Amino acid sequence: MPTFQEYLKGIKGEIRELDTIDLKKQLDEGTGLALIDVREQDEFAQGFIPGAQWISRGFLELRIEEAVPDKGTQLVIYCAGGTRSALAAKSLAAMGYTNQVSLKGGFGAWKRNGYAFDVPDLLTPEQAIRYSRHTMLPEVGIEGQIKLLKSKVLCIGAGGLGSPSALYLAAAGVGTIGIIDDDVVDSSNLQRQVLHCTERVGMPKVASAALTLTGLNPDVKVVQHQLRLNSDNAEEIICQYDLVVDGADNFQTRYLLNDVAIKLGKPVIHASIYRFEGQLTVFGADGLPCYRCLYPEPPPPDQAPSCAETGVLGVLPGVMGVLQATEAVKLLLGLGTSLAGRLMTYDAVRCKFRELKLRPAPECKYCGEGVDRSQIELIDYTQFCMLGG
Ligand SMILES: [Zn+2]
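Computed from a predicted structure; not experimentally measured.

Caption draft 1: Representation of the nonpolar core within the structure. Ranked by internal contacts, the top residues of the largest apolar core, which has 40 residues, are Leu169, Ile177, Ile179, Leu213, Val245 and Met320. No other element matches the seven residues that helix α15 (residues 316-333) contributes to this core. Excluding residues within four positions of it along the chain, methionine 320 makes contact with Leu161, Ala271, Ile273, Gly278, Gln279, Leu280 and Tyr346.

Caption draft 2: Region of the structure containing the domain arrangement of the chain. For the chain, the domain assignment lists domain 1 (4-112) and domain 2 (151-375). Domain 1 and domain 2 are separated by 49 Å when their C-alpha centres are compared.

Caption draft 3: Quick look at the pattern of salt bridges. Per the stated rule, a full pass over the model turns up 16 salt bridges. The salt bridge involving aspartate 28 is made with lysine 24; its shortest N-O contact spans 2.8 Å. Taken together, the positions of aspartate 28 and lysine 24, both in helix α2 (residues 20-29) and four residues apart, correspond to about one turn of that helix. Take aspartate 28: its relative accessible area is 56%, and that puts it in the exposed class. Here lysine 24 falls in the partly exposed class, since its relative accessible area comes to 25%. The salt bridge involving aspartate 121 is made with lysine 150; its shortest N-O contact spans 2.7 Å. Residue aspartate 121 is located in the loop between α6 (106-112) and α7 (125-130), and its partner lysine 150 is located in the loop between α9 (141-149) and β6 (152-156); the two are separated by 29 residues in the primary sequence. The exposure class of lysine 150 is exposed, given its relative accessible area of 53%. Connected via shared salt-bridge partners are Asp259, Arg292 and Glu297.

Basis of the calculations
Residues numbered from 1 in each chain as written. Predicted model: local features only at pLDDT ≥ 70, side-chain atom pairs only at ≥ 80, totals over all residues. Heavy atoms only, no water. Core = buried A, V, L, I, M, F, W, Y, C linked by side-chain atoms within 4.5 Å. Buried < 20%, exposed > 50% of the residue type's maximum accessible area, 1.4 Å probe, protein only. Helix = DSSP H or I, 4+ residues; strand = E, 2+ residues; numbered from the N terminus. Contact = heavy atoms within 4.5 Å. Domains from an automatic or database assignment. Salt bridge = Lys/Arg side-chain N within 4 Å of Asp/Glu carboxyl O.

Printed below as a string of structure tokens:
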């Protein structure tokens with residue numbers, strides 16, 4: 001029986017090896033080779049050769065066909081020193097791969113030559129557990145989770161809609177959540193605004209929201225904007241975020257957000273609620289209708305909804321806010337079909353969802369053909385009362 005050293009010697013006689021100097025040359029020339037790192041995760045985490053794909057040795061045979069379907073592809077396999085990659089090259093030959101080489105000296109030799117390497121974005125062990133139900137979905141994966149952790153979402157309002165949406169965005173690991181609200185917690189809010197609690201009555205809503213959200217998930221940074229959005233501050237604030245979740249539910253904010261969204265090219269996930277009914281849509285995406293395509297101007301003040309406070313079923317904003325968070329996470333991950341170009345309504349009494357197709361209006365003064373979006377002037381429609389979430 002051969003010793004391991006004899007076995008390895010035999011294998012090295014059967015496979016081909018590549019020098020780090022030659023690999024560097026080939027990478028610089030941009031020859032279309034596939035570079036596979038077969039080390040363990042903790043080794044990969046310390047750094048890898050730029051462009052490499054990580055498949056640990058233990059999973060190589062299981063995953064290589066998905067990663068490199070063409071078995072004639074030029075493959076360079078590397079490990080730390082060139083032993084595991086030699087074994088890997090031999091195994092891939094047995095699977096029918098014809099053009100693989102093992103990197104001589106491995107990542108160690110690459111580093112000793114002083115060549116540049118990348119350090120991967122990885123989840124910490126705590127994050128790996130916290131987000132495991134996400135990462136086991138191939139549509140999200142570790143990559144998607146890292147995307148969420150790097151994302152920035154602005155929630156307009158920490159009220160009925162903002163509560164559930166911000167809670168779920170924080171739970172999902174959206175790394176930065178900005179909250180705009182100039183109000184304080186009132187006991188009449190607690191029937192639906194689940195970010196807050198009885199002992200925080202009188203506290204600014206942004207501060208209460210920050211306590212709840214960071215308590216739920218310490219990965220989340222909450223940016224408190226204790227103010228009211230207007231034409232002076234909207235652009236400066238919104239440009240810092242990837243997208244906006246609108247839970248303000250009033251005409252003034254709706255039109256202002258629509259105009260800023262078009263101007264800056266940021267998606268807005270809009271929801272509004274009234275008694276037992278809610279509606280939801282996404283606007284601000286290029287080539288899709290905006291809110292003004294549907295309603296070019298706000299109604300005259302005498303036809304606007306009454307300024308008197310109306311009742312709302314407490315669970316209704318829960319449904320709509322969670323739908324907003326779902327649309328936000330989808331947009332951040334690039335997953336599925338967003339509600340852009342559609343308006344969805346929910347009738348809680350009949351438990352009916354309906355959908356209305358929205359069409360872009362070519363003559364729209366904000367998103368229509370030939371409009372210079374950078375020149376959009378923001379308007380404050382101050383004659384409208386704030387209905388509040
Ligand atoms: Zn439009």
